[in-house]
Number of protein chains: 2
Amino acid sequence: MAISVVTLGRLPKYLRILKKMQLENINNVSSTSIAKELGFNPIQVRKDLACVSKTDGKPGVGFVVNDLINDIEEFLNINKSKDIIVIGAGRLGQALMNYSGFENKIRVVRAFDVDKKKCDNKKIFLMSGLKNYVKKNKISVAIITVPREAAQVVCDKLIDCGIKVIWNFAPINLKVPENIRIKNEDLSASLAILLNSY
Amino acid sequence: MAISVVTLGRLPKYLRILKKMQLENINNVSSTSIAKELGFNPIQVRKDLACVSKTDGKPGVGFVVNDLINDIEEFLNINKSKDIIVIGAGRLGQALMNYSGFENKIRVVRAFDVDKKKCDNKKIFLMSGLKNYVKKNKISVAIITVPREAAQVVCDKLIDCGIKVIWNFAPINLKVPENIRIKNEDLSASLAILLNSY
């Protein structure tokens with residue numbers, strides 16, 4: 001089913017709330033209480049959940065928490081584990097490697113860096129091993145956290161290695177062929193929007 | 001003039017290109033060449049620049065680079081310097097403190113943390129000094145990079161100190177009163193969108 005990017009962005013938030021409920025042994029939940037928890041519009045939440053859930057929420061009972069988690073994970077394609085790599089093991093790269101907010105089936109498995117001193121050969125490795133690792137482990141998603149000057153070269157190299165999806169945190173708009181999916185995560189733009197939108 | 005959030009997000013990208021040109025002593029630039037450089041639609045760029053520029057681009061000459069930079073900075077409210085603080089001096093907090101991509105008038109001046117060992121009393125200070133610093137220096141914008149569990153408490157404390165704008169990187173939707181502007185930067189949602197949008 002087609003779904004908007006805005007809805008897609010809300011699904012991980014539902015998932016987070018639902019998993020918290022799962023831990024608390026809550027079996028059923030209504031869209032209204034999810035909406036309340038997140039401060040969202042209840043009608044919006046009901047529509048979103050109708051899009052992704054295989055069953056309808058029952059009046060007075062709501063959704064089965066476990067089922068709803070499975071449905072959202074399946075919808076988001078994160079019901080299978082997904083290994084991701086990071087290029088650039090500076091502060092941001094290491095922050096993303098250790099970020100606790102990603103869904104638990106998404107694992108940032110390895111970082112690569114040109115700086116030998118940063119490599120521990122456990123989670124951080126030299127760039128020279130990149131191609132071999134990507135091919136062998138069929139990695140398709142990479143995060144770029146290298147300095148601006150190095151980012152396009154790194155990007156080209158990733159594509160050459162077979163990476164199909166790139167999440168770029170370097171402050172530069174990277175150019176990629178049409179078959180590559182890229183998101184230039186512009187923190188400066190995010191901040192500008194925050195400082196200027198009322 | 002009213003402007004969409006999407007346009008707002010593009011302005012820092014124009015600024016970045018223009019500042020690069022300024023360094024290269026390029027005096028004039030057309031909207032077409034900015035569009036080409038960024039891989040944007042030239043009509044879009046022309047419209048965006050018309051919104052923010054005080055002068056029209058001259059046919060065959062284009063915009064004066066220096067003027068356009070000033071106009072965009074004024075529009076984005078970053079022609080005056082803006083000091084920002086970070087709460088949580090972990091990897092992400094330190095990455096943001098040292099991020100080179102923010103416009104140069106936006107400075108992340110200080111981080112606060114509960115962990116004494118992280119404090120160098122140069123750029124990283126104990127949380128106990130937060131309120132005093134915020135009041136004295138009239139800080140209005142703060143970034144939250146503490147763990148999820150601590151985020152709401154930190155958020156409440158920031159508001160109590162007089163912070164008006166909050167950029168939250170902790171993986172939780174923070175609740176704030178209506179007069180506070182907040183952006184919950186959900187990296188998990190960003191990744192979900194990237195992995196699922198075609």
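Quantities reported herein were computed from a predicted structural model and do not represent experimental measurements.

Let's shift gears to the nonpolar core. Counting residues in each nonpolar core, the largest one holds 93 residues, and the members touching the most others are Tyr14, Leu18 and Ile72 of chain A together with Leu18 and Ile72 of chain B. Ignoring anything within four residues of it in the chain, the contact list for isoleucine 72 of chain A reads Leu11, Tyr14, Leu15, Leu18, Leu49 and Val52 of chain A.

Put plainly, two cysteines are in a disulfide when a covalent bond ties their sulfur atoms together. Throughout the structure, instances matching the rule amount to zero disulfides over all chains. Looking at the unpaired cysteine 161 of chain A, the closest cysteine sulfur is the one in cysteine 155 of chain A, lying at 11 Å. Looking at the unpaired cysteine 119 of chain B, the closest cysteine sulfur is the one in cysteine 161 of chain B, lying at 16 Å. On the basis of relative accessible area, cysteine 119 of chain B is assigned to the buried category, the value being 16%.

To continue, consider the environment of valine 146 of chain B. Residues and elements named next belong to chain B. Along the polypeptide, valine 146 turns up in the loop between strand S6 (141-144) and helix H7 (148-161). Sequence separation between valine 146 and valine 65 is 81 residues; the distance between their C-alpha atoms is 40 Å. Not counting the four nearest positions on each side in its chain, valine 146 is found in contact with Ile87, Gly88, Ala151, Val154 and Ala170.

Note on the copies: chain B fits chain A at an RMSD of 0.0 Å, the axial shift is 0.0 Å, and the rotation between them is 180 degrees. Expressed as a symmetry operation, the mapping of one chain copy onto the other fits a two-fold axis. Take the interface residues of chain B: 100% of them recur as interface residues in chain A, which is what a same-surface contact looks like.

Before going further, it helps to spend a moment on the sheet that holds strand S6 (residues 141-144) of chain A. All names here are of chain A. Pairing is parallel in the open sheet, where six strands are placed in the order S5-S4-S3-S6-S7-S8. Because the sheet does not close on itself, it has two edges, and the strands there are strand S5 (124-126) and strand S8 (181-184). Averaged over all neighbouring strand pairs, the angle between strand axes comes to 25 degrees, with direction disregarded. By the bridge criterion, three bridges tie strand S4 (residues 106-113) to S5 in an arrangement that is parallel. Bridge pairing in S5 links alanine 111 to isoleucine 124.

Evaluation of the coordinates by the stated rule reveals twelve aromatic pairs over all chains. Ring geometry for tyrosine 14 of chain A against phenylalanine 40 of chain A: centres 6.2 Å apart, planes inclined by 70 degrees, an arrangement best described as edge-to-face. Highlighted residues: tyrosine 14 of chain A in helix H1 (residues 5-23) and phenylalanine 40 of chain A in the loop between helix H2 (31-38) and helix H3 (42-52), separated in sequence by 26 residues. Here tyrosine 14 of chain A matches phenylalanine 40 of chain A in class, with each residue buried. For the ring pair phenylalanine 112 of chain B and tyrosine 133 of chain B, a centre distance of 5.8 Å and an interplane angle of 55 degrees mean the geometry is tilted. Linking phenylalanine 112 of chain B in strand S4 (residues 106-113) with tyrosine 133 of chain B in helix H6 (residues 130-136), this pair joins segments that are 21 residues apart in sequence. Classification of phenylalanine 112 of chain B by relative accessible area gives buried; the value is 1%. On the basis of relative accessible area, tyrosine 133 of chain B is assigned to the buried category, the value being 15%. Three or more aromatic residues joined by ring pairs form one cluster here, namely Tyr99, Phe102, Trp167 and Phe169 of chain A.

It is worth spelling out the packing of helix H3 (residues 42-52) of chain B against helix H4 (residues 65-75) of chain B at this point. For any two helices packed against each other, the geometry is given by the interaxial angle and the distance between the axes. All names here are of chain B. Put simply, H3 and H4 touch, their axes get as near as 9 Å, and they point 75 degrees apart. By the angle class used here, H3 and H4 are roughly perpendicular. For the pair H3 and H4, the contacting residues are Leu49, Cys51 and Val52 in the first and Leu68, Asp71, Ile72 and Phe75 in the second.

Because each turn of an α-helix spans 3.6 residues, side chains separated by three or four positions end up pointing in the same direction. All names here are of chain A. With 14 residues, helix H7 (residues 148-161) extends 20 Å from end C-alpha to end C-alpha; this agrees with the ideal 20 Å at 1.5 Å per step. Along H7, the positions that sit buried rather than exposed are Ala151, Val154, Cys155, Leu158 and Cys161. Contacts made by the buried residues of H7 are with strand S3 (82-87), helix H6 (130-136), S6 and strand S7 (165-168). After H7 finishes, the residue glycine 162 shows a positive phi value of roughly 110 degrees.

About the thresholds
- Residues numbered from 1 in each chain as written.
- Chains lettered and ligands numbered in written order.
- Predicted model: local features only at pLDDT ≥ 70, side-chain atom pairs only at ≥ 80, totals over all residues.
- Heavy atoms only, no water.
- Core = buried A, V, L, I, M, F, W, Y, C linked by side-chain atoms within 4.5 Å.
- Buried < 20%, exposed > 50% of the residue type's maximum accessible area, 1.4 Å probe, protein only.
- Contact = heavy atoms within 4.5 Å.
- Disulfide = S-S within 2.5 Å.
- Helix = DSSP H or I, 4+ residues; strand = E, 2+ residues; numbered from the N terminus.
- Least-squares fit on C-alpha atoms with pLDDT ≥ 70 in both.
- Pairing = 2+ DSSP bridges.
- Axes fitted to C-alpha atoms, helices over the stretch in contact; angles between N-to-C directions.
- Phe/Tyr/Trp six-rings, centres within 6.5 Å; stacked < 30°, edge-to-face > 60°.
- Parallel < 35°, antiparallel > 145°, perpendicular 65-115°, else oblique.
- Expected span 1.5 Å × (residues − 1).

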